[in-house]
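Close look at the chain arrangement
Below, each chain spelled out in residue letters.
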Amino acid sequence: MSTGPLVVLVGPMGSGKSTVGALLAERLGAPYRDTDADIVAAEGRPISDIFIEDGEPHFRALERAAVSAALAEHPGVLALGGGAVLDDDTRALLAAHPVVYLSMDVDEAVKRVGLNTARPLLAVNPRRQWRELMEARRHLYTEVARAVVATDERTPEEVAQAVLDALELKDA
Ligand code: S3P
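If you're wondering where the values come from, they're calculated on a predicted model, not measured in any experiment.

Focus on the UniProt feature "binding site: substrate" (unreviewed entry) in the chain
Sequence positions flagged by UniProt for "binding site: substrate" (unreviewed entry) are, in local numbering, D36, R60, G82 and R137. Under the relative-accessibility criterion, D36 is labelled partly exposed at 25%. Setting aside chain neighbours within four positions, we find D36 in contact with I47, F59, E63 and G81. Mapped onto the secondary structure, R60 falls in helix α4 (residues 56-73). Judged by relative accessible area, which is 14%, R60 ranks as buried.

Put into structure tokens, the structure is as follows:
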């Protein structure tokens, strides 16, 4: 029987979930999976197109199903999209898993993702949008997380090490 992912990464856009997740997978000798990539592969179109063509609620329904499938079947490192924690059912599922919240402050966020139009939620006035998103979500990330790792002024390698330390995981 699968015991689920070794690590589940949550946090806002640009907090480094994909980069850190891939490094963690390498260190743990485990596969890496990303629910945004699962959705894009299943739909055959980018997330920005799903938002524009079918709206955010449709994307969230696809995301809920993608997260639930990945939690049930993926044995390695799993990164979730930044808004996955908005869903009540997803948060209930996450309670049984080793979830780490990668946090960062607004200046760092704008530096990293402010001009990236692939992220539809930050397309206009990224600083304000990001602040509003975090006001709505910070408590949800904290609620589902067993550990919080700050990413500001840390390299991806340092963040990956902090995640391993927080969950008391050892290299493969
Ligand atoms: C979103 C974050 C994105 C992606 C979508 C919505 C959000 O994922 O799922 O654009 O609501 O924060 P990343 O956090 O991987 O960028």
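Quick word on the side chain of D87
Along the chain, the position of D87 falls in the loop between β3 (77-79) and α5 (88-94). You can call D87 buried: its relative accessible area is 15%. Polar side-chain contacts of D87 include one of 3.1 Å to the backbone nitrogen of D89.

Side note on unusual backbone geometry
Residue E153 is not a glycine yet carries a positive backbone phi of 55°. Its location among the elements puts E153 in the loop between β5 (147-150) and α8 (156-167). A positive phi angle, close to 55°, is found at E168, a residue other than glycine. With respect to the helices and strands, the residue E168 is situated in the segment after α8.

Details of the UniProt feature "binding site: Mg(2+)" (unreviewed entry) in the chain
Mapped onto this structure's residue numbering, the UniProt feature "binding site: Mg(2+)" (unreviewed entry) falls at S18. With respect to the element layout, S18 can be found in helix α1 (residues 17-28). Residue contacts for S18: discarding those within four places in its chain leaves Y32 and D34.

Description of the site of the ligand
Close contacts around the ligand come from 14 residues, with K17, D36, R60, R119 and R137 the closest. The side chain of K17 places a nitrogen or oxygen atom 2.7 Å from an oxygen atom of the ligand. Interatomic distance of 2.6 Å between a side-chain N/O atom of R60 and an oxygen atom of the ligand. Sort the elements by how many residues they give to the shell around the ligand and α4 lands first, with 3 residues.

What counts, and at which threshold
Residues numbered from 1 in each chain as written. Predicted model: local features only at pLDDT ≥ 70, side-chain atom pairs only at ≥ 80, totals over all residues. Heavy atoms only, no water. UniProt positions renumbered as here; feature names shortened; annotations may be inferred. Buried < 20%, exposed > 50% of the residue type's maximum accessible area, 1.4 Å probe, protein only. Contact = heavy atoms within 4.5 Å. Helix = DSSP H or I, 4+ residues; strand = E, 2+ residues; numbered from the N terminus. Polar contact = N/O pair within 3.5 Å; in protein donor to acceptor, adjacent residues only side chain to side chain. Near = heavy atom within 4 Å.

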